[in-house]
Amino acid sequence: MEEPLNRKLKPLSNKSVTLKTQSIEKSSYDVNAHDKFYAWFFLGPSLVILSIFVFYPMMRTLYLSFFLTNSLGHPSVFVGFSNYINLLTSSAYLDSLTATLIYVIAVSILTLVFGLLLAQTASKKIAGINIFRTIFSGTMGVSVSVAAIFWLFIFNPSIGLLDQVASFFHLPTINWLTQPSWAMTAVIISTVWMNLGFTFLIFFGAFQSVPKFFYEAAEIEGLSRSYQFFHITLPMISPTIFFISIITLIESFKSFGLIDLMTAGGPNNATNLLVYRIYQDAFLSGNYGSASTQSVILAIIIALFTLIQFKLLEKKVTY
Amino acid sequence: MLNITEQSKKELWLRYIVLTILAAIILIPFLIGFWTSLLPTEDISKGSLWSTHISLDNYVTAFTQTPIIRYLLNSFIISLLTMLSQLFFCSTSAYAFVFLKFKGRNLLFYAFLATMMLPFEAEVIPNFTTVRNLNLLNHYSVMIIPFLTSAFGTFMLRQSFLQIPGELKEAADIEGLSHWKIYARIVLPYSRISLYTLAAYSFLTSWNQYLWPMLTTFSDNFRPVQDGLRQLQSQESFNNWGMIQASAAIVVIPTLVVLFFGQHFFKNGLNEGALK
């Protein structure tokens, strides 16, 4: 994955966090007079770094989103919400939002389905299974630029693998990266492929943690494999399914590398996803006000999805 | 009885067929990449992928005519320093949140949690201005300083420190050990699995950074490998597919080797993080 695990694991654990905080409070220990000093000493460096590079920029981005800016990125005219209104009424931005939604939903569903399929087929201990397990986790070692090179070649018109295979079978060739909907398809395929290694490893671990006697009992009852999968495996690993959905969704909203390397937002803005647009508006066109507004919208979307998923998690998950 | 074994034999074969198809889907991009890295570019651009002119020439070109080694070295330095500093600062912060009592601890902790919801991508504009004003552009430090610590790492280690038995801490208090000694002699050794996991995460995260180095580095002396590969593609060598594939292989092979040997640890570490 492009940015593997940063900021990913928290939604699952909020519940246990509050529980644990309370339990610590209960088993209260002596308040050491030095604790306060140590607290600043131990937390100080992290607080400084987070303040400069996380808290401050978020506030600054929010602030800039209400301004027009000059070419250096300094705010010049206060415009209230007009950056927001302009964006949300601009068809170009709404197109980018739609493209992002299509991309995010397709990537998340395909990653989940294929991840589960890989884990399910690799879960039974049969001869040579370790080779397959190693292969399935392989894309975990692939960074975004390497993945882009591999897939750019496969999707390359005329010399690429896909079109060579197509012409061998006398099928029509496709200009993958120059036709809008095919370019989106190509980017989705590449992203899913990259995600699979990590997703497989997580699902595989979850499958292993389902107690064996459930399956043994099901065998005795004569329940079919698919019944076992849908009525034992899936409910048992539902926390992991939600975990994978959350992080895949969030990571896809933040996709940048593959877009930059494979399509540069094209053709015709068909793959101009939210983060790529922010980059273009801020760093190529110097339009910092609008780019800040887009950043705020992105942050809200991601925070919102995290919360929605977390609510679902609380309700539906079987422990 | 015979019927059942025959059925399970069939099932076994079916399983191997599905496994092989899935393995092929995962492997094809790798295999095509490695295969073309062995072919002369003239053959690749003619579309003759079944050429038999196999050689390591592309690798020699990549090593001698591109700064690929320098890119790898840059990435290694950046990722290693980021990893070490995150291990240190995240663990001290987590220690403070678990073992120190002070006013506003919970409030501060929730502030840490909240930062994990904010995507770095939404903050690049002010961050770029900040590092420009601090004169950090185009240097290793610009890719390390913003990531010296991480809220995620702090959170993960806090979860792990909370599992440390209360008796250990009490015993240390009775012994009169200072916080510094408790941290170094009890807490860190006890949580070493989580520390390994954080080490792997922070190293990989840093190694895979793309947007931030692309914005902040402009010379090969500091450019990390992800942006280096981008640079190779955008230069005049764009159509030198053999050489580009060889560079990709040079970058991906070490990670695959590490992954292969570290597989067992990765599996456990990831699941520990995912299910906690």
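This structure is a prediction, so every number in the text was calculated from the model and none was measured.

1. Describing the interface of chain A and chain B
- If you look at the interface, chain A gives 86 residues, while chain B gives 84 residues.
- Here the element with the most residues in the side of chain A that touches chain B is helix 2 (residues 35–64) of chain A; it accounts for 18 residues.
- Looking at the side of chain A that touches chain B, its residues break down into 53 nonpolar, 23 polar and 10 charged.

2. What to know about the pairing of strand 2 (residues 75–78) of chain A
Residue and element names in this part refer to chain A.
- Sheet topology places strand 1 (residues 67–69) next to strand 2; 3 bridges connect them, and they run antiparallel. Across the sheet, F67 pairs through a bridge with F78, a residue of strand 2.
- Hairpin geometry of strand 1 and strand 2 is characterised by an intervening segment of 5 residues between the two adjacent antiparallel strands and by a positive phi of about 90° at G73.

3. Concerning the UniProt feature "transmembrane region" (unreviewed entry) in chain A
All names here are of chain A.
- When the UniProt feature table is mapped onto this chain, "transmembrane region" (unreviewed entry) is found at residues 37–56, 97–119, 131–154, 182–207, 228–250 and 295–313.
- A helix fraction of 100% and a strand fraction of 0% characterise residues 37–56, whose end C-alpha atoms lie 25 Å from each other.
- The span residues 228–250 is 96% helical and 0% strand by assignment, and the distance between its end C-alpha atoms comes to 31 Å.

4. Details of the packing of helix 6 (residues 144–155) of chain A against helix 8 (residues 180–208) of chain A
All names here are of chain A.
- Relative orientation of the contacting elements helix 6 and helix 8 amounts to 140°, with a least axis distance of 10 Å. The angle between the axes of helix 6 and helix 8 places the two elements in the oblique class. Crossing handedness for the pair helix 6 and helix 8: right-handed. Touching A147, W151 and F155 of helix 6 are A186, S190 and M194, all from helix 8.

Conventions and cut-offs
- Residues numbered from 1 in each chain as written.
- Chains lettered and ligands numbered in written order.
- Predicted model: local features only at pLDDT ≥ 70, side-chain atom pairs only at ≥ 80, totals over all residues.
- Contact = placed C-beta atoms within 7 Å.
- Helix = DSSP H or I, 4+ residues; strand = E, 2+ residues; numbered from the N terminus.
- Nonpolar A, V, L, I, M, F, W, Y, C, P; charged D, E, K, R; others polar.
- Pairing = 2+ DSSP bridges.
- UniProt positions renumbered as here; feature names shortened; annotations may be inferred.
- Axes fitted to C-alpha atoms, helices over the stretch in contact; angles between N-to-C directions.
- Parallel < 35°, antiparallel > 145°, perpendicular 65-115°, else oblique.
- Left-handed = near helix turned anticlockwise from the far one by under 90°.

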